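What follows is each chain in one-letter form.
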Amino acid sequence: MGSATHAVEAPPIADPATATALKLWLTMARAFEAAAELSRMDIVRHGLTPAEFAIVEALYHKGPLLLGDVQRKVLVSSGGTTFLVDRLEKRGLVERQSCPSDRRARYAALTREGMALMKRVFPVHAEAMREAMAGLGPNEQRTVTTLLKRLGMAAAAKAAANPDCREGIGGA
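In this text, all values refer to a predicted model and were calculated from it rather than measured experimentally.

## What to know about the pattern of salt bridges
Once the charged atoms of two side chains with opposite charge are near each other, the side chains can pair. What the rule picks out here adds up to 8 salt bridges. Glu37 is the partner of Arg40 in a salt bridge, and the nearest nitrogen-oxygen pair spans 2.6 Å. Placement of both Arg40 and Glu37 in helix H1 (residues 16–44) is noted, with a separation of 3 residues, approximately one turn of the helix. Since its relative accessible area comes to 34%, Glu37 is described here as partly exposed. Through salt bridges with shared partners, a single ionic network connects Glu52, Arg87 and Arg91.

Right, here's the structure in full:
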């Protein structure tokens, strides 16, 4: 006969504040994963990856952006941004434009085709995200947004004070 294995349970967390913080972390992570999956499913049906969508969405709402600004808005590495803009450029959705005041700088901008795509796709995506958030009413959504912004800013400040912090960590 084989030996029976017994699950060893971790002792309960005695500090209520720590237990509450851990529960909040897990709840936020699970909620984010579920909403992110709904977002991903909607984006891919339009023929884009989530990272590509983030770039064209930023350009759609902000207009032409310096490539460094695109990188900061979509939280992708510099090399990743270049790769994605190259791919979007090959598809005819994005074009690079020169900066009149700095020959070293380049802008990314939506092409006519990119703008047409986003005019068609963004309202559909916005509706998918509204449906994904429908578990809370509008007032609850505003309250959660306010609280998560405060939480994000506090966590970003703690991270920024740590010398091991990755670059690009920002508040909500």
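The discussion continues.
## Side note on the packing of aromatic side chains
Scanning the entire structure with this criterion turns up 1 aromatic pair. Their ring planes at 45 degrees and their centres at 5.9 Å tell us that Tyr60 and Phe122 sit as a pair that is tilted. With Tyr60 in helix H2 (residues 50–62) and Phe122 in helix H5 (residues 112–132), this residue pair connects regions lying 62 residues apart in the sequence. Judged by its relative accessible area of 24%, Tyr60 is partly exposed.

## Quick word on the sheet that holds strand E3 (residues 102–110)
Read across the sheet, 3 strands follow the order E1-E3-E2 without closing on themselves; strand pairing throughout is antiparallel. Two strands bound the open sheet, and with one partner strand each, they are strand E1 (65–66) and strand E2 (94–99). Relative to E3, E1 runs antiparallel, the two sharing 2 bridges. In the strand pairing of E3, Leu66 is matched with Tyr107.

## Structural notes on the environment of Ser98
One can find Ser98 in strand E2. With a relative accessible area of 53%, Ser98 lands in the exposed category. Sequence separation between Ser98 and Ala108 is 10 residues, and the spatial gap between their C-alpha atoms is 9.0 Å. The residues contacting Ser98, other than those within four sequence positions of it, are Ala105, Arg106 and Tyr107. For Ser98, the side chain forms a polar contact with the side chain of Arg106, separated by 3.2 Å.

## Describing H2
Helix length check: H2 (13 residues) gives 18 Å between terminal C-alpha atoms against 18 Å at 1.5 Å per residue, within 8%. For H2, every residue scored as buried is listed here: Glu52, Phe53, Ile55, Val56, Ala58 and Leu59.

## Let's talk about the packing of H1 against H5
Contact pair H1 / H5: the axes reach a minimum separation of 10 Å and the direction vectors enclose 155 degrees. Relative to H5, H1 is oriented roughly antiparallel. Both H1 and H5 take part in a crossing whose hand is right-handed. Contacts from Ala35, Leu38, Ser39, Asp42 and Ile43 in H1 reach Val124, His125, Ala128, Met129 and Ala132 in H5. The residue inventory of the contact of H1 with H5, partitioned by class, reads 7 nonpolar, 2 polar and 1 charged.

Quick notes on the rules
Residues numbered from 1 in each chain as written. Predicted model: local features only at pLDDT ≥ 70, side-chain atom pairs only at ≥ 80, totals over all residues. Heavy atoms only, no water. Salt bridge = Lys/Arg side-chain N within 4 Å of Asp/Glu carboxyl O. Helix = DSSP H or I, 4+ residues; strand = E, 2+ residues; numbered from the N terminus. Buried < 20%, exposed > 50% of the residue type's maximum accessible area, 1.4 Å probe, protein only. Phe/Tyr/Trp six-rings, centres within 6.5 Å; stacked < 30°, edge-to-face > 60°. Pairing = 2+ DSSP bridges. Contact = heavy atoms within 4.5 Å. Polar contact = N/O pair within 3.5 Å; in protein donor to acceptor, adjacent residues only side chain to side chain. Expected span 1.5 Å × (residues − 1). Axes fitted to C-alpha atoms, helices over the stretch in contact; angles between N-to-C directions. Parallel < 35°, antiparallel > 145°, perpendicular 65-115°, else oblique. Left-handed = near helix turned anticlockwise from the far one by under 90°. Nonpolar A, V, L, I, M, F, W, Y, C, P; charged D, E, K, R; others polar.

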